[in-house]
Amino acid sequence: DGITDHTIIDLQRLHARVAQDIIDAKVKVTSPQSDAYIDADMKGKLNLGTLTQIIPMKDTKLSGLLSIDARAKGNAGKIKTKDYENLNASGNLVAQNVVYESKGSMPVNIEKASAQLSPLKITLSECKATLNHTDINAKGNIENFFGYMLRKEKIKGDLTLNSKYFNANELMGNDASKSTADTAK
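Computed from a prediction, not measured in an experiment: that's the story for all the values here.

What follows covers the pairing of strand β4 (residues 60-75). Where strand β3 (residues 37-47) lies against β4, 11 bridges are found, and the strand directions are antiparallel. What sits directly across from isoleucine 38, in β4, is glycine 74. Pairing between β4 and strand β5 (residues 88-102): 13 bridges, direction antiparallel. Counterpart to leucine 65 in the pairing with β5 is glutamine 96.

Right under this line is the structure:
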């Protein structure tokens, strides 16, 4: 009928295979102009080591496993009015044994990170990682994620971080380490 708001986007089966890894998703969007209703689902695993075989990354080491099982359903207007309780969003994201090393960058090693999604917050239930020489064991919550991503609002959260060795200068980058070394002279 030519009316934009009557458009229906219905991608019933999105299927991607990266080597032996499979990612499946589906997305349906109705009333995209007035108050888009979105029904989306994604599930899959990705071995990051296979990416370097498919996409050459010079001077980069990448390995580990990412997995996602997430869904979201509801009207976009609920985000605009901050009516997050009436959105249906849930899922889990997990990163295991992720190693990233690249020339000129700080090496990152994520033993395990696990997050749960809900309309109100993202809960980081576990994060055991090493950034160069700094070990991190963290957990916490991120609130107003949708508002931050879609409306550039402030993000809020709380994070409990434990470390046996925490080198803030190293994490701030080379410039901070140099200025601290210069100051110490």
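From this point, the discussion proceeds with the structure in view.
The next subject is the sheet that holds β5. Pairing within the open sheet is antiparallel, and its 9 strands lie in the order β1-β2-β3-β4-β5-β6-β7-β8-β9. In this open sheet, the two edge strands, each paired with only one partner strand, are β1 (8-18) and β9 (156-162). Neighbouring strand axes in the sheet, compared pairwise and without regard to direction, differ in orientation by 10° on average. Judged from the 7 bridges that link them, strand β8 (residues 134-143) and β9 form a sheet pairing that is antiparallel. Among the inter-strand pairings, alanine 138 is bridged to a residue of β9, identified as leucine 161.

On to the pattern of salt bridges, then. Enumeration over the complete set of coordinates arrives at 3 salt bridges. Arginine 71 is the partner of aspartate 69 in a salt bridge, and the nearest nitrogen-oxygen pair spans 2.4 Å. Here aspartate 69 falls in the partly exposed class, since its relative accessible area comes to 24%. Of the residues examined, arginine 71 reaches a relative accessible area of 32% and is grouped as partly exposed.

Next up on the list: the side chain of glutamate 153. Of note, glutamate 153 is situated in the loop between α3 (145-151) and β9. A polar side-chain atom of glutamate 153 sits 3.2 Å from a polar atom in the side chain of asparagine 144. Once you skip the residues sitting within four places of it in the chain, glutamate 153 turns out to touch Lys82, Tyr84, Asn144, Gly147 and Tyr148.

Let us look at the nonpolar core. The nonpolar side chains of soluble globular proteins are, as a tendency, buried together. Counting 13 residues, the largest nonpolar core has Leu48 and Ile110 as the members making the most contacts within it. When residues of this core are traced back to their parent elements, those giving at least two are α1 (48-54), β5, β6 (108-117), β7 (121-131) and β8. Look past the residues within four positions of leucine 48 in its chain and what remains in contact with it is Leu62, Ser63, Gly64, Leu66 and Val98.

Thresholds applied
As a convention, each chain's residues are numbered from 1 in the sequence order in which they are written. Whole-chain, interface and lining totals are the exception, using all residues; otherwise, since this is a predicted model, local features are given only for residues with pLDDT of at least 70 and side-chain atom pairs are given and counted only at 80 or more. By convention in this description, side-chain values take in all heavy atoms of the structure and omit both hydrogens and water. A pair of strands counts as paired when DSSP detects no fewer than two bridges linking them. Helix and strand definitions follow DSSP, with helices as H or I runs of at least four residues and strands as E runs of at least two, each counted in order from the N terminus. All axes are obtained by fitting lines to C-alpha atoms, using only the stretch in contact for helices, and the reported angles, taken between N-to-C directions, cover 0 to 180 degrees. One side-chain nitrogen of Lys or Arg within 4 Å of one carboxyl oxygen of Asp or Glu is enough to make a salt bridge. Each residue's exposure class comes from its accessible area (1.4 Å probe, protein chains only) as a fraction of the maximum for that residue type: buried when under 20%, exposed when over 50%, partly exposed otherwise. Throughout this description, a polar contact denotes any pair of N or O atoms lying within 3.5 Å of each other; where both atoms belong to protein, one of them has to be capable of donating a hydrogen while the other can accept it, and for residues adjacent in sequence the pair is counted only when both atoms sit in side chains. Every residue pair with non-hydrogen atoms within 4.5 Å of one another is taken to be in contact. Take the buried residues of types Ala, Val, Leu, Ile, Met, Phe, Trp, Tyr and Cys, join any two whose side-chain atoms come within 4.5 Å, and each joined set is a nonpolar core.

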